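Listed below are the residues making up each chain.
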Amino acid sequence: MDLFDYMRNNTMKKEAPLASRLRPTTLEEVVGQEHIIGKDKLLYRAIKADKLSSIIFYGPPGTGKTTLAKVIANTTSSLFTQINATSSGKKDMEAVVEEAKNNLGMYGRKTILFIDEIHRFNKSQQDYLLPFVEDGTVILIGATTENPYFEVNSALISRSIIFQLKPLVKEDVQKLIMRALEDEEKGLGVYKAVITDEALDFLSDMANGDARAALNAIELGVLTTPRSEDGRIHITIDVASECIQKRVLKYDKNGDNHYDTISAFIKSMRGSDPDAAIYYLARMLYAGEEVAFIARRIMICASEDVSNADPNALVVATSAALAVERLGMPEAQIVLAQAAAYVACAPKSNSSVSAIEAAMNVVANEKTATIPSYLRDAHYKGAAKLGHGIGYQYPHDYKNHYVKQQYLPDEIKDRKFYLPSDQGYEVKIQEYLKKLKEEDLGLS
């Protein structure tokens, strides 16, 4: 490192955002994540003993993935190299691997390669690392906000230990805020700022487990708030609300939160809980989820989980899908709320699902049954000579627009696919089918 590099690094340390300056350098300074770095936990023992194998840190932004990697860098005797998958490629990895081979062969020193946002690497880029992770040329530390079981190659997963980081609890965020205000070397202690209990509670709550969001907000508050007559900077609830303005919401439209939230939304409608359905709807809308996607899921639920227990559910859901397409936000949220509430409150039946699954199973696994000749199309040329349509009884020519007639093929004539439930409108369907059966038996 020359003089210019030294000066640049010092300047960057001083000018770096608060969240970066406050990043812990030892395990003892890390706040939260006791479930993986508690003193009796595997990761804590491995870091302390400098006996790491390849690992992947998985969790939302601001939970400490990069922080833990930096702690490892400060405690290991191995060489530590960091690249970011958003700005690096295969050539960068080739250079790291080549240097790692030389260091291992010449000096007996292992290399830890930390790849931030590892899910950004494509399959071939991830595959390149496999042999070098397997033979110990490099020890991989990957960090990702996405579920690694979806986004990281299974071969890399099998060679790594997955550690899931959780959003920080409110008390942890409060501890970090106070550390920032009191630390005169790396934090904001020189400003002699104070924060009210109300503002501290608000910021730690609104950060939603994201330490970076909380620290960014408190830094903005301290740097932009004029001193009071007592010479101190006072972070009040008004200052705090201006600095964070909007709750940080963990939601990636291509990641876990997307799938988890839509899953909870659907299950809440299926479970007849309109309050939960509206809550999860609000979370999706707040995060900017596509209204057309939400509308499609409501339509599916209306058919899959309500079915004919309330046929109007699908009508409402379909109308809502059309309405949100024409309206757009913010009015579309009202339409979606109406449809979600209707589907949630409707009587439930999955009889249509059971019916089509049973029929599809027969079609897929049994010999194709022969359609009765009288049900076949009689309109094309030569159909009559083949006997198609002959003997068909037109139901509207009979009393109650019904006549007993076999519609299923002979091979499966006694099969039952649609079994209406005892919920909602399907009770009337049951009664109607029972009445037809009685007429067949001459009981009516």
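If you're wondering where the values come from, they're calculated on a predicted model, not measured in any experiment. (Residues numbered from 1 in each chain as written. Predicted model: local features only at pLDDT ≥ 70, side-chain atom pairs only at ≥ 80, totals over all residues. Heavy atoms only, no water.)

*Asks:* An account of the overall build of the protein is requested, with residue identities and associated values reported.
*Replies:* When helices and strands are counted, the protein shows 20 helices and 7 strands. Relative to its length of 444 residues, the protein is extended, with a C-alpha radius of gyration of 32 Å against a globular reference of 22 Å. Projected onto the principal axes, the alpha-carbon positions of the protein cover approximately 100 × 65 × 45 Å. A separation of at least 24 residues holds for 72% of the contacts in the protein among residues at least 6 apart in sequence. Carbon together with sulfur atoms contributes 52% to the accessible area of the protein, which is approximately 25,200 Å² in total. For the protein, the centre of its 53 positive side-chain charges and the centre of its 60 negative side-chain charges are spaced 4 Å apart. (Helix = DSSP H or I, 4+ residues; strand = E, 2+ residues; numbered from the N terminus. Rg over C-alpha atoms; globule rule 2.2 N^0.38 Å. Contact = heavy atoms within 4.5 Å. Areas by Shrake-Rupley, 256 points an atom, 1.4 Å probe, with all protein chains shown as cover. Lys, Arg positive; Asp, Glu negative; His and termini not counted. Charge placed at Lys NZ, Arg CZ, Asp CG, Glu CD.)

*Asks:* Describe the packing of helix α16 (residues 291-306) against helix α18 (residues 332-345), listing the residues and the values that go with them.
*Replies:* The contact between α16 and α18 brings their axes to 10 Å, and the two run at 15°. Put simply, α16 runs roughly parallel to α18. Judged by the sense of rotation from one axis to the other, the crossing of α16 with α18 is left-handed. Where α16 approaches α18, its residues Val291, Ile294, Ala295, Ile298, Cys301, Ala302 and Val306 are matched on the opposing element by Ala332, Leu336, Ala339, Ala340 and Val343. (Axes fitted to C-alpha atoms, helices over the stretch in contact; angles between N-to-C directions. Parallel < 35°, antiparallel > 145°, perpendicular 65-115°, else oblique. Left-handed = near helix turned anticlockwise from the far one by under 90°.)

*Asks:* Account for the sheet that holds strand β5 (residues 161-164), naming residues and giving values.
*Replies:* Within the open sheet, the 5 strands sit side by side as β2-β3-β4-β1-β5. Their pairing is parallel. Edge positions in the sheet fall to β2 (79-84) and β5, since each of these pairs with one other strand and no more. Sheet twist, expressed as the average angle between the axes of neighbouring strands with direction ignored, equals 15°. Here helix α6 (residues 90-107) sits on the sheet and contacts β2, β3 (111-116) and β4 (138-144); the angle it forms with β2, its principal contact strand, is near 175°. (Pairing = 2+ DSSP bridges.)

*Asks:* So what about helix α7 (residues 123-134)? Which residues, and what values?
*Replies:* Under the 1.5 Å per step criterion, the end-to-end length of α7 is 17 Å for 12 residues, consistent within 8% with the ideal 16 Å. Residues of α7 that are buried: Gln125, Gln126, Tyr128, Leu129, Leu130, Phe132 and Val133. Backbone geometry just after α7 places Gly136 at a positive phi near 85°. (Expected span 1.5 Å × (residues − 1). Buried < 20%, exposed > 50% of the residue type's maximum accessible area, 1.4 Å probe, protein only.)

*Asks:* An account of the packing of aromatic side chains is requested, with residue identities and associated values reported.
*Replies:* Summed over all chains, the structure comprises 4 aromatic pairs. Aromatic pair Phe57 and Phe163: ring centres 6.3 Å apart, planes at 45°, arrangement tilted. Taken together, the positions of Phe57 in strand β1 (residues 55-58) and Phe163 in strand β5 put the pair 106 residues apart, joining distant regions of the chain. (Phe/Tyr/Trp six-rings, centres within 6.5 Å; stacked < 30°, edge-to-face > 60°.)

*Asks:* Please set out the pattern of salt bridges residue by residue, giving values where relevant.
*Replies:* Here the structure, examined in full by the defined rule, presents 8 salt bridges. Salt-bridge contacts for Glu134 lead to Arg159; the nearest nitrogen and oxygen are separated by 3.1 Å. Here Glu134, found in helix α7, pairs with Arg159, found in the loop between α9 (154-158) and β5; they are 25 residues apart in sequence, far enough to count as distant. Arg159 sits in the partly exposed class, given a relative accessible area of 32%. For Glu366, the salt bridge goes to Arg415, with nearest N and O atoms at 3.1 Å. Of this pair, Glu366 sits in the loop between α19 (351-365) and α20 (426-440) while Arg415 sits in the loop between α19 and α20; the two residues are 49 residues apart in sequence, bridging distant segments of the chain. A residue is classified by how much of its surface remains accessible, and Arg415, at 33% relative accessible area, is partly exposed. (Salt bridge = Lys/Arg side-chain N within 4 Å of Asp/Glu carboxyl O.)

*Asks:* Give a description of the pairing of β3 that names residues and reports values.
*Replies:* Regular strands place their side chains on alternate faces of the sheet. Buried residues dominate β3, accounting for 6 of its 6 residues. Of the two faces of β3, the one holding Thr111, Leu113 and Ile115 and the one holding Ile112, Phe114 and Asp116 are both buried throughout. With α6 bridging β2 and its parallel neighbour β3, the resulting β-α-β unit is right-handed. Across 6 bridges, β3 lies against β4 in parallel orientation. Directly across from Asp116, in β4, lies its bridge partner Ala143. (Right-handed = clockwise from strand over helix to strand, strands pointing away.)

*Asks:* A description of unusual backbone geometry should follow, citing residues and the corresponding values.
*Replies:* Backbone torsion omega between Met329 and Pro330 reads 10°, so that peptide bond is classified as cis. Here Pro330 shows up in the loop between α17 (312-327) and α18. The backbone phi angle of Gln33 is positive, close to 60°, even though this residue is not glycine. In this fold, Gln33 is placed in the loop between α2 (18-21) and α3 (34-37). Within the chain, Asp50 stands out as a residue other than glycine whose phi angle is a positive 55°. You can see Asp50 is positioned in the loop between α4 (42-49) and β1.

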